[in-house]
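Chain by chain, the residues run as shown.
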Amino acid sequence: MTTSARLGDLSPEEFRKAAHEAVDWIADYLEHPERHPVRAQVAPGDVAAQLPVSAPAHAESLDAIVQDFHNVIMPGITHWNSPTFFGYFSISGSYPGILGELFAAGLNVNNMLWLTSPAATELELRTVDWLRQLMGLGDGWFGQITDTASISTLYALAAAREATGLDIRTLGLAGRRDLRALRVYTSEHAHSSVEKAVITLGLGHENVIKIPVDSAYRMRTDALRDALEADATAGFTPMAVVATVGTTSTSSIDSVREIVPIAREFNCWVHVDGAYGGPAAIVPEMRWLLEGVDAADSLVVNPHKWLFTPVDCSVMYTRRPDALRSAFSLVAEYLRSPGDDAVVNLMDYGVQLGRRFRSLKLWMVLRAFGADGIEERLRHHCELAREFAGMVHYEGDWELCAPVPLSLVCFRYMPPNTTEAERNAINAAILEHVNASGVALLSHTKLEDRYVIRLAIGSVRTQREHIEATWLALREAARVVSAP
Ligand code: PLP
């Protein structure tokens, strides 16, 4: 073999063979989820113990590497694509989404400037606009794709900070006598990413004000007004209010319609976290959940949570792209290109320069399922959640712990003659028993100190039989852990 042949990539034949086998394997894997326990059945360090401590000194064959993928990596995988994965917010990659990932990897486009790949920029802008329309939002939104909702919310709050006009971008926060603490208001059930964004922006963790919730776990708007008034009087600067449409613990839906006018009285930016719940607005009878959002300033929706798109794909929308741009745009000489003024360079709207070609997978999902197909799938998930809630409701000694507006059910086992502490321990044991069995995977939360099990439906492959099998496993676990 000549030197130049040795130095290039592997041969196309090697790639073709391995890639065809990989695609066959993925199709079989997704067709037969029952072959794998949902939760990885390994102990900490088991996988690492099988991995050499140093990279290989010499080339290895793709066959050998793929063998190790099956023997070493697969046993350590928790199967988020399983139809009985109900933990956290269940996510699932669909075939069209996987295809999009494959093409994106093949192209390896870096979507930092329009010029570095025009189709990547233009497809991104068009695809997120399709999604906006599908959710029933009005015109005037600028959208872009980020990796996660955590980053989308960070960007939204960075824009909110810029919109204060306090020129923190240039002057910073330190040692400024003209600044009062900037505060962000969000429900006590908001996702921790809101706090992380505030911390990252240097505003101070204690300036996140947690607003109490009502009996359905929605932000209490009277308490929001009280907090804003008290802070304004005390000399703080209210900066932003973050509403959540589909909270992590219970999927509760804050009333954006009521929150926006209150926030406006105090000149606050309004950001809406619809990371999980947002896509439900694609279903016409669920569209009410985004009511009022057209009057907000920014919104995050995660297609990688509940829109069948492989992780990662979050969409950050804002009605004030100028504030976002002014927060982030900084163009080094080596990134200038002719005609910059006439195009959107997505690097101007965030921290990242390099950006993956994520819109390809979202585009493929939206086209391969169509608006009506997506609508039916989301509706089906909500129906399954209601069915599961019915099973819990009508079973003695079990209780529903929160309303079920979307596809998440919160519930617990309530054996008679037990204290709260005992119930908490029993439910934790039930969860562990089911998860350890590999039949299904669920997660938990705490509601007013009650340990509550969460079943979140989001997989494109979940059907009624999966809900039934999981319910059976839960009741069996309750029997086992309560046995004397
Ligand atoms: N917001 C809500 C309501 C969530 O439930 C989550 C994660 O579950 C997030 C934000 C953070 O999402 P990501 O993992 O995309 O940062």
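As a reminder, the structure under discussion sits directly above these lines.
For the structure given in this document, a descriptive report is provided here. From a predicted model like this one, the values you see are computed outputs, not experimental measurements. Residue numbers here run from 1 along each chain, matching the order of that chain's written sequence. Since the coordinates come from a predicted model, pLDDT governs what is reported: local features require at least 70, and pairs of side-chain atoms require 80 or more to be given and counted, while whole-chain, interface and lining totals use all residues. Calculated side-chain values reflect all of the structure's heavy atoms, with hydrogen atoms and water omitted.

Right, let's talk about the packing of helix α2 (residues 12-31) against helix α4 (residues 62-73) for a bit. To get an axis, fit a line to the C-alpha atoms, keeping to the stretch in contact for a helix; angles then go from 0 to 180 degrees between the N-to-C directions. Working definition: helices are DSSP H or I runs of at least four residues, strands are E runs of at least two. Numbering for both runs from the N terminus. Packing of α2 against α4 leaves a shortest axis separation of 11 Å and a crossing angle of 20 degrees. As the angle between them shows, α2 and α4 are arranged roughly parallel. For α2 against α4, the interelement crossing comes out right-handed. Facing E14, K17, A18 and W25 of α2, the residues of α4 in contact are L62, D63, F69 and H70. Of the residues assigned to the contact of α2 with α4, the class counts are 4 nonpolar, 1 polar and 3 charged. Put simply, angles under 35 degrees are roughly parallel, angles over 145 are roughly antiparallel, angles from 65 to 115 are roughly perpendicular, and the rest are oblique. Helix crossings fall into two classes, left-handed where the near helix is turned counterclockwise from the far one by less than a right angle and right-handed where it is turned clockwise. For this analysis, residues touch if any pair of their heavy atoms sits within 4.5 Å. Each residue is assigned to one of three groups, with Ala, Val, Leu, Ile, Met, Phe, Trp, Tyr, Cys and Pro labelled nonpolar, Asp, Glu, Lys and Arg labelled charged, and all others, Gly among them, labelled polar.

Next up on the list: the sheet that holds strand β2 (residues 182-187). Pairs of strands are assigned from DSSP output, requiring at least two bridges between the strands. On the basis of which strands lie adjacent, the open sheet formed by 7 strands has the order β1-β7-β6-β5-β4-β2-β3 and mixed pairing. Of all strands in the sheet, those with a lone pairing partner are β1 (142-146) and β3 (208-211), marking the two edges. Between one strand axis and the next, the sheet turns by 20 degrees as a mean value, whatever way the strands run. Pairing of β1 with strand β7 (residues 314-318), which is carried by 5 bridges, proceeds in the antiparallel orientation. Bridge pairing in β7 links Q144 to M316.

Structurally, A371 is set in helix α14 (residues 359-393). For A371, a relative accessible area of 35% puts it in the partly exposed group. On a C-alpha basis, the gap between A371 and A327 in space is 34 Å, while along the polypeptide they are 44 residues apart. When a residue's accessible area, from a 1.4 Å probe over protein chains only, is under 20% of the maximum for its type it is buried; when over 50% it is exposed; and in between it is partly exposed.

Any residue with a heavy atom lying within 4 Å of a molecule or strand is counted as near it. Among the 13 residues in the neighbourhood of the ligand, the closest are listed as A149, S150, T248, D273 and N302. A 3.5 Å cut-off defines polar contacts: any pair of N or O atoms within that distance qualifies, except that in protein one atom must be a possible hydrogen donor and the other a possible acceptor, and neighbouring residues in sequence count only when both atoms are side-chain atoms. In the model, an oxygen atom of the ligand is placed 2.8 Å from a nitrogen or oxygen of the A149 main chain. A distance of 3.1 Å is found between an oxygen atom of the ligand and a side-chain nitrogen or oxygen belonging to K305. Note that accessible areas follow from Shrake-Rupley with a 1.4 Å probe, and for residues the cover is restricted to the protein chains shown. When the free accessible area of the ligand is taken as 400 Å², the share hidden by the protein chains comes to 86%. Mapped by element, the contributors of at least two residues to the shell around the ligand are α7 (149-163) and α12 (303-306). Split into classes, the residues belonging to the shell around the ligand amount to 3 nonpolar, 8 polar and 2 charged.

Below, the discussion takes up the pairing of strand β6 (residues 298-301). Along β6, one buried face is formed by S298 and V300 and the opposite face, lined by L299 and V301, is buried too. Examined bridge by bridge, β6 and β7 share 4 bridges and lie antiparallel to one another. Across the sheet, the residue bridging to L299 is Y317, located in β7.

Moving on: helix α9 (residues 192-200). The complete set of buried residues in α9 reads S193, V194, E195, A197 and V198. Those residues of α9 that are buried lie in contact with α7, β2, β3 and β4 (237-244). Just past α9, the residue G202 takes up positive phi, approximately 75 degrees.

Here we come to the side chain of S152. Mapping S152 onto the fold places it in helix α7. Accessibility expressed as a relative area gives 0% for S152, which makes it buried. Within the structure, the side chain of S152 is placed 2.7 Å from the side chain of T146, a separation counted as a polar contact. Leaving out residues up to four positions away in the same chain, S152 has contacts with T146, V300, S314, V315 and M316.

By nonpolar core we mean a set of buried residues, namely Ala, Val, Leu, Ile, Met, Phe, Trp, Tyr and Cys, connected to one another through side-chain atoms within 4.5 Å. One finds M135, L224, L299 and Y317 to be the most contacted residues of the largest nonpolar core, which totals 65 residues. Element by element, the count of residues in this core is highest for α14, at 7 residues. Sequence-distant contacts of M135, that is, excluding residues within four places in its chain, are made with G278, P279, A281, I282, R287, L290, L299, V301 and Y317.

Here is the key point about a regular strand: its side chains alternate between the two faces of the sheet. Most of strand β9 (residues 408-413) sits inside the fold, with 6 of its 6 residues counted as buried. Along β9, one buried face is formed by L408, C410 and R412 and the opposite face, lined by V409, F411 and Y413, is buried too. Pairing geometry for strand β8 (residues 398-400) and β9, over 3 bridges, is antiparallel. Paired with L400 across the strands is F411, a residue of β9.

Okay, unusual backbone geometry next. Omega for the peptide link from V311 to D312 comes to 10 degrees, which places this bond in the cis form. The backbone of D167 shows a phi angle near 55 degrees, a positive value even though the residue is not glycine. When its relative accessible area of 33% is taken as the criterion, D167 is described as partly exposed. Located in the positive-phi region is N417, a residue other than glycine, with phi close to 55 degrees. Inspection of the secondary structure assignment puts N417 in the loop between β9 and α15 (420-437).

Moving on, we come to the sheet that holds β8. The 4 strands lie next to each other as β8-β9-β11-β10, forming an open sheet whose pairing is antiparallel. The open sheet has two edge strands, β8 and β10 (443-447), and neither has a second partner. For this sheet the average axis-to-axis angle between neighbouring strands, irrespective of direction, equals 40 degrees. Sheet topology places β9 next to strand β11 (residues 450-456); 4 bridges connect them, and they run antiparallel. Across the sheet, the residue bridging to F411 is I453, located in β11. The strands touched by α15 are β8, β9, β10 and β11; relative to β11, the strand with the most contacts, the crossing angle is about 30 degrees. Against the sheet, helix α16 (residues 464-482) makes contact with β8, β9 and β11, and its axis sits at roughly 130 degrees relative to β8, the strand it touches most.

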